[in-house]
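# Examination of the molecular architecture
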Amino acid sequence: MEAGPSAALTEAELERLFVRMEKPLYNVIYRWVWSREEARDITQEAFLRLWKMRARVDLTRVEPLLYRIAINLASNRRRAKKLWRWLSLDTIADRPTATDEGAALLDRERDRMIAEAIDGLPEKLRRVVTLAELSGMSYQEIGAALSIPAGTVGSRRNKALELLKEKLEPYVEAEDAVG
Amino acid sequence: MPLDERDLFRKLDPGPGGLGSLRQKIRDAERSRREVRRITALAIAPLAAGMAVASVLTVTSLEDRSPKRRWGEVANPALIRFGLAPSPREAVTILPNARGDVAALRVGSGDGVAFYWVASRSASGAPDGEE
């Protein structure tokens, strides 16, 4: 993600980027933190970080960079929450609850099951599948964001979807609903 | 409670106001950065001044201890004694009962008193002793 100084990011460019990428980025992050409030907060933080490093940003590779920043932030936040929960012996889950605004869109129980299934994936599979399903980026771009080859993106995505299918199969209406 | 495949990665809406909030955060970040720079400058300026004063004092103190300072503007008497440096420019005659001609070197002064290094001269003019 190194960039030449000739491709500095302007504020107008950042705003255009935000308008285009806020929603997919938010959706990816939501699958990490399972809180609309936190997902919104991390989305903003990712753009702010990008702005702070604007002098080094290559506009041709800005999307993978932004996703990388966002996923790292989300992953760190998730780890911190787990640690905090462990330290405080707090058993309240960070997954969608009735008070979470996101749960209003989906059925509460269904949302909880999906969250559990996605959370149960190994982190490297979760990184790939959330980006592949929600970012709209190509395998090549996802590979750039995660520093892995495009072929690995494809195989990890398939593996993740297989695991999700196994976990959710009893609840899926269609035979080939997932994957 | 059956699942639909579209539920798995259903697209959620982040809600309004995101761009305005980002603009505000950028402004806040810029303001905070300027503030940090200002505070750093204010903190560093007295520190730098103090260091400058300390370094001047140190250099002055070292000069006070230097041979040049102690022996005046001429070479060390030991060098003069062995003919390795020219004789002192400042010559004085000491008490009438002193031996021969003498040359003296001011080696320091203070509070109305001057200190000289005194060398006895042989007939050839070369220093051969001291008092």
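Up top is the structure these notes are about.
Residues numbered from 1 in each chain as written. Chains lettered and ligands numbered in written order. Predicted model: local features only at pLDDT ≥ 70, side-chain atom pairs only at ≥ 80, totals over all residues. Heavy atoms only, no water.

A separate point is the packing of helix H5 (residues 123–134) of chain A against helix H6 (residues 139–146) of chain A. Describing two packed helices takes the angle between their axes plus the distance from one axis to the other. Residues and elements named next belong to chain A. Contact geometry for H5 and H6: axes closest at 10 Å, N-to-C directions at 140°. In terms of orientation, H5 and H6 fall into the oblique class. For the pair H5 and H6, the crossing hand works out as right-handed. Touching Arg127, Val128, Leu131 and Ala132 of H5 are Ile142, Ala145 and Leu146, all from H6. By residue class, the composition of the contact of H5 with H6 is six nonpolar, no polar and one charged. (Axes fitted to C-alpha atoms, helices over the stretch in contact; angles between N-to-C directions. Helix = DSSP H or I, 4+ residues; strand = E, 2+ residues; numbered from the N terminus. Parallel < 35°, antiparallel > 145°, perpendicular 65-115°, else oblique. Left-handed = near helix turned anticlockwise from the far one by under 90°. Contact = heavy atoms within 4.5 Å. Nonpolar A, V, L, I, M, F, W, Y, C, P; charged D, E, K, R; others polar.)

Another aspect to go through is the interface of chain A and chain B. Interface size is commonly expressed as the accessible area that is lost once the parts come together. Listed by partner, the interface residues are 39 residues for chain A and 23 residues for chain B. Both faces combined, the contact of chain A with chain B buries some 3,000 Å², and carbon together with sulfur accounts for 66% of it. Ranking the residues of chain A by area buried against chain B places Glu15, Gln44 and Arg110 of chain A at the top, with a combined share of 16%. The tally of links between chain A and chain B comes to three salt bridges. Residues Glu30 of chain B and Arg54 of chain A are paired through a salt bridge, measuring 3.8 Å at the closest nitrogen-oxygen approach. Summed over the shared surface of chain A and chain B, the number is nine residue pairs in polar contact (both at pLDDT 80 or more). (Buried area = accessible area lost by both parts, 1.4 Å probe. Salt bridge = Lys/Arg side-chain N within 4 Å of Asp/Glu carboxyl O. Polar contact = N/O pair within 3.5 Å; in protein donor to acceptor, adjacent residues only side chain to side chain.)

Residues and elements named next belong to chain A. Between the first and last C-alpha of H5 there are 16 Å, a value that for twelve residues agrees with the 16 Å anticipated at 1.5 Å per step. Among the twelve residues in H5, nine count as buried, and that is most of the element. Among the residues of H5, Leu125, Arg126, Arg127, Val128, Val129, Thr130, Leu131, Ala132 and Leu134 are the ones counted as buried. (Expected span 1.5 Å × (residues − 1). Buried < 20%, exposed > 50% of the residue type's maximum accessible area, 1.4 Å probe, protein only.)

Interpretation in functional terms is not warranted from these geometric data alone.
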